[in-house]
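Coordinate inspection notes
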Amino acid sequence: MIKYFTPEHTEKEKQIYVSTVGYEEIAPGEEYPSRNHPEGYYFDPSVGRVIDEYQIVYFVDGRGTLRLGNESFEIPSGSVLMLPPCMWHSYFPDKSTGWKQYWIGFKGEFVNDWLRVPSLSSGNPLLRVGLNPEILALFHKAVE
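All of these numbers come straight from a predicted model, not from anything done at the bench. (Residues numbered from 1 in each chain as written. Predicted model: local features only at pLDDT ≥ 70, side-chain atom pairs only at ≥ 80, totals over all residues. Heavy atoms only, no water.)

**Description of the overall build of the protein**
Along the backbone of the protein there are three helices and nine strands. Starting at the N terminus and walking to the C terminus, you meet the elements of the protein as β-α-β-β-β-β-β-β-β-α-β-α. Here the protein holds 144 residues, and 41% of them are scored as buried. Intrachain contacts of the protein at a sequence separation of at least 6 include 71% that bridge at least 24 residues. Taken as a whole, the protein presents about 8,200 Å² of accessible surface, with 53% of it coming from carbon and sulfur. (Helix = DSSP H or I, 4+ residues; strand = E, 2+ residues; numbered from the N terminus. Buried < 20%, exposed > 50% of the residue type's maximum accessible area, 1.4 Å probe, protein only. Contact = heavy atoms within 4.5 Å. Areas by Shrake-Rupley, 256 points an atom, 1.4 Å probe, with all protein chains shown as cover.)

**With respect to the sheet that holds strand β4 (residues 64-68)**
Strand order in the open sheet made by the three strands is β5-β4-β7, with antiparallel pairing throughout. In the strand order of this sheet, the two ends are held by β5 (71-75) and β7 (90-93), each with one partner. Averaged over all pairs of adjacent strands, the angle between their axes in this sheet comes to 15°, without regard to strand direction. (Pairing = 2+ DSSP bridges. Axes fitted to C-alpha atoms, helices over the stretch in contact; angles between N-to-C directions.)

**Things to note about the pattern of salt bridges**
Taken as a whole and judged by the stated rule, the model has three salt bridges. Between Lys-107 and Asp-52 there is a salt bridge; the shortest N-O distance is 3.1 Å. Within this pair, whereas Lys-107 is found in strand β8 (residues 99-107), its partner Asp-52 is found in the loop between β2 (17-26) and β3 (54-62), the two being separated by 55 residues in sequence. With its nearest N and O atoms 3.6 Å apart, the salt bridge here joins Asp-94 to Arg-63. Of the two residues, Asp-94 sits in the loop between β7 and β8 while Arg-63 sits in the loop between β3 and β4, which places them 31 residues apart along the sequence. (Salt bridge = Lys/Arg side-chain N within 4 Å of Asp/Glu carboxyl O.)

**Considerations on the nonpolar core**
In this structure, Phe-59, Leu-66, Ile-75, Leu-81, Tyr-91, Trp-99 and Leu-126 are the most contacted members of the largest nonpolar core, which totals 15 residues. Looking at this core, the elements with two or more residues in it are β3, β4, β5, β6 (79-83) and β8. Within the second largest apolar cluster, 13 residues are counted, among which are Tyr-23, Val-80, Phe-106 and Phe-139. (Core = buried A, V, L, I, M, F, W, Y, C linked by side-chain atoms within 4.5 Å.)

**A look at the packing of aromatic side chains**
Here a ring pair, both rings aromatic, is described through the centre-centre distance and the interplanar angle of the planes. Under the definition given, this model contains ten aromatic pairs. Ring centres 5.5 Å apart and planes at 15° place the aromatic pair Tyr-54 and Phe-106 in the stacked group. Of this pair, Tyr-54 sits in strand β3 while Phe-106 sits in strand β8, and the two are 52 residues apart along the sequence. Both rings, one in Phe-59 and one in Trp-99, keep their centres 4.7 Å apart while their planes meet at 45°; by these two values the pair is tilted. Highlighted residues: Phe-59 in strand β3 and Trp-99 in strand β8, separated in sequence by 40 residues. (Phe/Tyr/Trp six-rings, centres within 6.5 Å; stacked < 30°, edge-to-face > 60°.)

**Here we look at the confidence of the model for the protein**
Here the protein shows a mean pLDDT of 83. Residues at 70 or above account for 81%. At the low end of the mean pLDDT range in the protein sits helix α1 (residues 9-12), at 52; at the high end sits β7, at 96. (pLDDT = per-residue confidence, 0-100.)

**Details of the pairing of β8**
Most of β8 sits inside the fold, with seven of its nine residues counted as buried. Inspection of the sheet shows β2 paired to β8 by nine bridges, in the antiparallel sense. The residue of β8 that forms the bridge with Val-21 is Ile-104. Bridge count for β3 against β8 is eight bridges, and the pairing is antiparallel. Bridge pairing links Ile-56 to Ile-104 in β8.

Listed below in structure tokens is the structure:
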């Protein structure tokens, strides 16, 4: 399930608001990403993209590849990625495993003042949290 939100003018004035939340399951060999994404979110994994919001992506099943600049990282199941806005990236599932992923996108006028994301250009940007039922429940609740 994929949900995208068009915030009202008053919501944009808030310090933080959710711009997208969703879940996508890609079966082995299936095209990625699915065509359900609106303009600005759909991308060609060979080209990558830049988005203007923070995104937290939780990869709960399967595996894949993350590309940031000239670096590539394996995405194992149970990984969380925190993407800051305006960073070129691409990620895609392994054709042999597919994957299940959840995400939440958010932004706001003052979010940069209090949210600090470590640089993703050094070291592995993926957090290995495993299949955590509490984190999974939070993503389920967000999608609902």
